[in-house]
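Observations on chain architecture
Here's the letter readout for the chains.
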Amino acid sequence: MHELSIAQAIVEVADSEARKVGATRVARVVVDVGGLSGIVADSLEFCFPMACKGTLVEGAELCIEPIEARGWCDTCDQEFAMRDLLDTCSRCGGFANAIRAGQELAVRTIDVE
Ligand SMILES: [Zn+2]
């Protein structure tokens, strides 16, 4: 399961950061998840408690911050919202020349106790 390995990676980061600062427990983990990252938030939330077992992150709250995907059109010199990689420029209908946002998958904040 794709999301389980991602949850495990998030837990690893949070657990090692917590140990670094001498915390006894992680209360909350905030992750940025881009609209084009391919991550299903519900699956990630579902897998998270399993990935936490036996770590300092066990029992922590997972907050998923969705990041809106934005593509760039060279022709129109503008950014446009994207929901998937085939979404086209709102003005000329061309494909994105670059992805400006939406591929994120990163731990933003870890609250420890
Ligand atoms: Zn355009």
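Residues numbered from 1 in each chain as written. Predicted model: local features only at pLDDT ≥ 70, side-chain atom pairs only at ≥ 80, totals over all residues.

**Remarks on the sheet that holds strand β3 (residues 69-73)**
- With antiparallel pairing, three strands are arranged side by side in an open sheet as β4-β3-β5. The open sheet has two edge strands, β4 (78-82) and β5 (98-101), and neither has a second partner. Strand after strand, the sheet turns through a mean of 40° between neighbouring axes, direction not considered. (Pairing = 2+ DSSP bridges. Helix = DSSP H or I, 4+ residues; strand = E, 2+ residues; numbered from the N terminus. Axes fitted to C-alpha atoms, helices over the stretch in contact; angles between N-to-C directions.)

**Some remarks on the nonpolar core**
- In this structure, Ala7, Ala14, Val26, Val29 and Val57 are the most contacted members of the largest nonpolar core, which totals 22 residues.
- Where this core is concerned, the elements lending two or more residues are α1 (2-20), β1 (26-34), α2 (41-52) and β6 (105-112).
- Among the elements that line this core, the one with the most residues is α1, at six residues.
- Beyond its immediate stretch of four places on either side in the chain, Val29 contacts Ile10, Ala14, Val57, Ala60, Leu62, Val107 and Ile110.
- Residues Leu36, Ala69, Cys73 and Cys89 belong to the second largest nonpolar core, which totals six residues. (Core = buried A, V, L, I, M, F, W, Y, C linked by C-beta atoms within 7 Å. Buried ≥ 20, exposed ≤ 12 C-beta atoms within 10 Å, placed from the backbone. Contact = placed C-beta atoms within 7 Å.)

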